[in-house]
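Fold and contact review
In case you want the letters, here they are:
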Amino acid sequence: TKMIDGYSFGKMRINGQDYTQDLKIIKGKVFPQWWRKTGHEVVPDDVQDILETQPKILILGQGSPGRMEVDQELKKQLEQKGTRLLEMSTEEAVKEFNRLWTSGEDVAAGFHLTC
């Protein structure tokens, strides 16, 4: 079954619960209130917990127009760990996450809920 029930600007519903702040999903568990050192950039420190679990796929929902950028150093680290990085608007990222999760893939995600 899909894990994320829905997303609209600034709000995500996961397993029947509403979240209104950026969040991460690691090994099927929700980690709310995902703060990044720089609001619109994701650096290795911001996803240390994800890096440690070494998922096969990491999806980053970059927000509504998709302004959140991924730092080059993080891209390099993911590559070294063999983690495939997918960057897309949060709306697309939710669909993709649900698709992969439902098909049993080892997928982690970070979602930026606003812009």
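These numbers come from a predicted model, not from an experiment. (Residues numbered from 1 in each chain as written. Predicted model: local features only at pLDDT ≥ 70, side-chain atom pairs only at ≥ 80, totals over all residues. Heavy atoms only, no water.)

1. Remarks on the environment of A93
The residue A93 is located in helix α3 (residues 90-102) in this model. Classification of A93 as buried rests on a relative accessible area of 0%. Separated by 70 residues in the primary sequence, A93 and L23 have C-alpha atoms spaced 13 Å apart. Apart from the residues within four sequence positions on either side, A93 is in contact with I59, L60, G61, M88 and F111. (Helix = DSSP H or I, 4+ residues; strand = E, 2+ residues; numbered from the N terminus. Buried < 20%, exposed > 50% of the residue type's maximum accessible area, 1.4 Å probe, protein only. Contact = heavy atoms within 4.5 Å.)

2. So, the nonpolar core
Counting 20 residues, the largest nonpolar core has M12, I14, I25, I59, F97 and F111 as its most contacted members. Residue assignment for this core shows that the elements contributing at least two residues are β1 (4-8), β2 (11-14), β4 (23-26), β7 (57-61), α3 and β10 (107-111). For this core, the element with the highest residue contribution is α3, accounting for four residues. Core analysis: the second largest hydrophobic core is formed by 13 residues, W34, V42, V47 and L78 among them. (Core = buried A, V, L, I, M, F, W, Y, C linked by side-chain atoms within 4.5 Å.)

3. Observations regarding the side chain of D46
For D46, the position within the fold is in the loop between β6 (41-42) and α1 (48-53). Within the buried core, D46 has no salt-bridge partner, and the shortest N-O distance to an opposite charge, that of R36, equals 5.4 Å. In contact with D46, other than residues within four places in its own chain, are K24, W34, W35, R36, K37 and E41. (Lys, Arg positive; Asp, Glu negative; His and termini not counted. Salt bridge = Lys/Arg side-chain N within 4 Å of Asp/Glu carboxyl O.)

4. Some words on the side chain of D22
With respect to the element layout, D22 can be found in the loop between β3 (17-19) and β4. The buried category is assigned to D22, whose relative accessible area is 10%. Dropping the residues within four chain positions of it, D22 is found in contact with P32, Q33, W34, R36, F111, H112, L113 and T114.

5. Side note on the sheet that holds β10
A sheet is described by the order of its strands in space; here five strands give the open sequence β5-β4-β10-β7-β9, paired in mixed fashion. With partners counted over all chains shown, the strands left at the sheet margins are β5 (29-31) and β9 (84-88), one partner each. For this sheet the average axis-to-axis angle between neighbouring strands, irrespective of direction, equals 15 degrees. Relative to β9, β7 runs parallel, the two sharing five bridges. From the neighbouring strand, L58 faces β9, where its bridge partner is L85. (Pairing = 2+ DSSP bridges. Axes fitted to C-alpha atoms, helices over the stretch in contact; angles between N-to-C directions.)

6. Notes on the environment of K81
As for its placement among the helices and strands, K81 is situated in helix α2 (residues 72-81). With relative accessibility at 34%, the residue K81 sits in the partly exposed group. Taking the C-alpha atoms as reference, K81 lies 8.8 Å from P55; in sequence the two are 26 residues apart.

Don't take any of this as a statement about function, it's just geometry.
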